[in-house]
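# Analysis of the macromolecular model
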Amino acid sequence: MTTAVRSFSRSWPLLTLLTLSCAVRGPTDWGTYNVLTDKPPTVPRTVGGVPVSDADYEQIVRWGEGWFRGGVVETERATTDIAGMMMGTVHVPCEGSAEPNCYTDKPVLQYYVQALDALDGVAGNLFTGNGGPNGTGFTNDLVLKFPPGTRVRGTIPVPEEVHTGLDVDAGAAWPIGLSAVPVTGDDVKLAYLPEPSKLGAGPAAEGKVRFRLSCALCHYSLDIDMDGKPDLRSTQLGQQTPGSPWKPEDGWGVGNQDLHLGWMLALSSNPLLLSTVFSGPIGPDDPEHAPTTWMDWVRENYQAQPQEVLREVTVGMILQPRGYADVAADGRFNTNQLPSLYTWHNWPSNSDGVFANAEDRNNIVWTSTLDFTGLIGTCKERGGAVELPWERPSIYKALPCEAFADMMVRNSPAALDNPARIPELVKNVLGTSDGVPGVVRNDDVFVISGSPTMPKEVYAHPDNVTYKRQRTPADYGGDAKWRSNQLAVLGTRIRTPERVAQELNLDALLAKYPRLNKDEFVNNAVNTMLDWMRPPANVTPLLAASRDLVPEGRKVFEASGCGGCHRGPFGTDNQLHRISTDPSVEFGLPRAPSTAGWRVLDRGAGPAIGSEPQHAWDTRVLRRFTSPPFDPKTGQPYAQGGVVQGLLTVQPVGYKSTMLLNLWASAPYLHDGGIGVAIAPGAAPAGTDLAALLARAGSADVLYGMGPILGLREQHPREGPRPNAALSLQALLLASERARVLAGNKQQVIAVAAGSTYRPNGDAPPRKTVSMEELGAPGIGHEFWVDDVPGGKKITALVAYLLSLDDCPRALPGDPAARACD
């Protein structure tokens, strides 16, 4: 063998790796597909990739919806015993007392129950139907009414009306996404658990309950067109709302734009549990180091000065904007609009493309959002163990695992009821006592090997061996070998509970379809339901008089280059686009440019999107070291994610092209939900003339930026302004209009609740207001402009086209022809 051949034979693995690292797979080629003339693809009748009969498919969709709405994993201990959701305490002025500082403690649950019972106008029938499915007992915004002068955490004022944004189906006892689970066994002795029959809302079944949280809390709504009024009285199948153009299932997955997670958490027993996600330093001058400084203060003082810490965390939580949720566990404000969930042919999951497989996304939601204690996988010695010197400092360097677990449980109802239980609760959260981190029911999860978030000693716990809870990626087959680092980002993965399998006679279904994976069936069913959903019917009046503009708008769309990224029937190329071509923006220089800092090739496909980079920065390590590269044509990964890939390949970090569906009812826009324009309160209504509406831009009766819009909505929650889809889309695409939005989002108009005690800048007074930009939604990026003026011919036609991209763009509102997509 020649020297040259020997040299090549030794080096070819490295050359192959480098060649693979430079390979980026192209998007689906939809050819000349035109959404206005061509029929969209049909939904494949598959479950977990396995073809099933029509009848079985429909049944599995129903099961998936039931689990998405009501939960299947037993999260009620996390929601009730640890978080104390709906179970906090408020301080109410003493009735009839002349003493100015006299307050009485009242349970928050009492006010929830009063608000629910009052929905149908009849007192005392909450648990016996609350007006029934045909009655008036429904809402898209449950309002809690408190006495004047009520406070929480000692000094924080509580409004007389707290608009929670919770949706309640007609005849339901509890809001959508929250259900009461009867308590059994010795737990009936726990004093802190509520007993419905003793809540003063009428007769109920005897016994105590826990509350189970589900995905539907954030993603179901009775308000389909997002105008602040309910369009349905129920999202339950078969309960059609008379006179409504929408079906009950149209309320599934639209995104709850009224939900105020901040107040829900503020009124819970234990806000410290989610402080790393939903709170942080308010208006920091040093956004890079302020979160770690703040978290150091929280950890150092949560026992010595508990009330001061709880107040500060609560003030930060209340700042979470209505209709938004912070999804990054980083001690920063990273608000994201709660999205619509239309997932078929929309991959990878999440706007930053972290999850190549939607089932892995489901599992991270279930094991960290529905069981909040699962975030223990991010603590210093686990997920936070690796801190790369070129990345921004992580808050988890301040959170050793045992201290983090103690923070999670110390103010929980279970610990407040019996402080002697704290060591037991800490061990349970860590997984050292039972082998399963978090407090979700152990029989509902497997532990997965190979992740730094799953310590070897926890994985090898005798209980995990005895009860056969251990799994490896090889147990999942298929592309799991490529997704091995994502199967269980926090070390645990949801399984199909055996009680559920028996209830459904799942073995009979598996005998019929042997390729179905029993462990993954619940996961598969929820994914099937999400892929099955379609956007609700489009009823915007703006298209009735502008139908002829829609085809012209498509021509503007293509001529402007929009179709390069927003292509095909779903309006997305399923590719990640780099944040910016400016390294100081994309990588936060002067730090080293990335986790693969010496690589400069192909940081993403297509043009840089230029959006607010903070969300992608906070997931960069996951993208580099965990996420496998995926094929945008199939959504399937084709290589292993891991450290070697993170250091050697060109795995892109950025944002995925957004799917263009349901735009007529989903303003505000952009990845951060920062682009919103509204008609000011008291001004003339939008009307039906699209060109005339767009030409109103710049006038005194138009509000720019989600900061001013949300600031006014907080002051006037019943009649406050809402972003207008047409005006907001114009601001997305006209540079002059975007400049007004950016200026609005810089305005410090969002009020900070009184009660802050943290002083990061010495004696500087606490902030009284903040801007939407400071909350992580400046509305920057996507600087792909149309050369026109507000209300001009090109922008009006383009907006008309974008408004038409709904469940069936070929059948416009008011079209007398039969629906072409049914």
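Thresholds, definitions, all that
- Throughout this description, residue numbers start from 1 for each chain and increase along the sequence as written.
- Given that the model is predicted, a residue must reach a pLDDT of at least 70 before its local features are reported, and side-chain atom pairs must reach 80 or more before they are shown or counted; all residues, however, enter totals for whole chains, interfaces and linings.
- Think of the side-chain values as coming from all heavy atoms in the structure, minus any hydrogens and water.
- Any cysteine sulfur atom paired with another within 2.5 Å is treated as part of a disulfide.
- Burial classes follow relative accessibility: with a 1.4 Å probe on protein chains only, a residue under 20% of its type's maximum area counts as buried, one over 50% as exposed, and anything between as partly exposed.
- Here, strands pair whenever DSSP counts at least two bridges between them.
- Going along the chain from the N terminus, every DSSP run of H or I of four or more residues is numbered as a helix, and every run of E of two or more is numbered as a strand.
- The rule for a salt bridge is simple: a side-chain nitrogen of Lys or Arg has to be within 4 Å of a carboxyl oxygen of Asp or Glu.
- Detection works on a 1 Å grid of protein atoms alone, calling trapped sets that fit a 1.4 Å probe cavities and calling open sets with protein on both sides within 12 Å along at least five of seven lines pockets, with lining residues defined by an atom within 4 Å of a point.
- Grid points are joined across faces, edges and corners, and a volume is the space filled by probe spheres set on the points.
- For this classification, the nonpolar set comprises Ala, Val, Leu, Ile, Met, Phe, Trp, Tyr, Cys and Pro, the charged set comprises Asp, Glu, Lys and Arg, and every other residue, Gly included, is treated as polar.

Okay, the state of the cysteines next. This structure, assessed with the given rule, holds 2 disulfides. Two residues share a disulfide in this structure: Cys94 and Cys102, whose sulfurs sit 1.9 Å from each other. Taking the torsion about the S-S bond as the criterion, the Cys94 to Cys102 disulfide, at about -80 degrees, is left-handed. Take Cys102: its relative accessible area is 23%, and that puts it in the partly exposed class. Disulfide pairing is shown between Cys379 and Cys401; the S-S distance is 1.9 Å.

This next bit is on the sheet that holds strand E14 (residues 470-471). Taken together, 3 strands build an open sheet; the order of strands is E14-E13-E15 and the sheet is mixed. The open sheet has two edge strands with one neighbour each: E14 and strand E15 (492-494). Here strand E13 (residues 445-448) pairs with E14 via 2 bridges, running parallel. Each bridged residue has a counterpart across the sheet, and for Ile448 the counterpart in E14 is Arg471.

So, on to the pattern of salt bridges. If you walk through the whole model with that rule in mind, you get 33 salt bridges. Measuring nitrogen to oxygen at the nearest pair gives 3.1 Å for the salt bridge that ties Asp169 to Arg69. Residue Asp169 is located in the loop between strand E8 (161-163) and strand E9 (178-182), and its partner Arg69 is located in helix H2 (residues 54-70); the two are separated by 100 residues in the primary sequence. With respect to burial, Asp169 and Arg69 carry one shared label: buried. One salt bridge in this structure joins Glu714 and Arg322, with 3.2 Å as the shortest N-O distance. A residue pair is termed long-range when its members are at least 10 positions apart, and Glu714 in helix H25 (residues 706-715) and Arg322 in the loop between helix H9 (306-318) and strand E11 (324-326) qualify at 392 residues. The class for Glu714 is partly exposed, based on a relative accessible area of 36%. Given a relative accessible area of 6%, Arg322 falls into the buried group.

For the rest of this paragraph, the subject is empty space enclosed by the protein. Taken as a whole, this structure holds 3 cavities of 30 Å³ or more when the rule is applied. Reported here for the largest cavity is a volume of approximately 60 Å³. Lining the largest cavity, in full, are Trp67, Phe68, Gly71, Val72, Val73, Thr75, Leu213, Ser214, Cys215, Trp366 and Leu370. Its residues assigned to classes, the lining of the largest cavity shows 8 nonpolar, 3 polar and no charged. In this structure, the second largest cavity spans a volume of roughly 40 Å³. Forming the walls of the second largest cavity are Ala83, Leu265, Ser268, Asn270, Pro271, Leu273, Leu274 and Phe372. Among the residues making up the lining of the second largest cavity, the classes are represented as 6 nonpolar, 2 polar and no charged.

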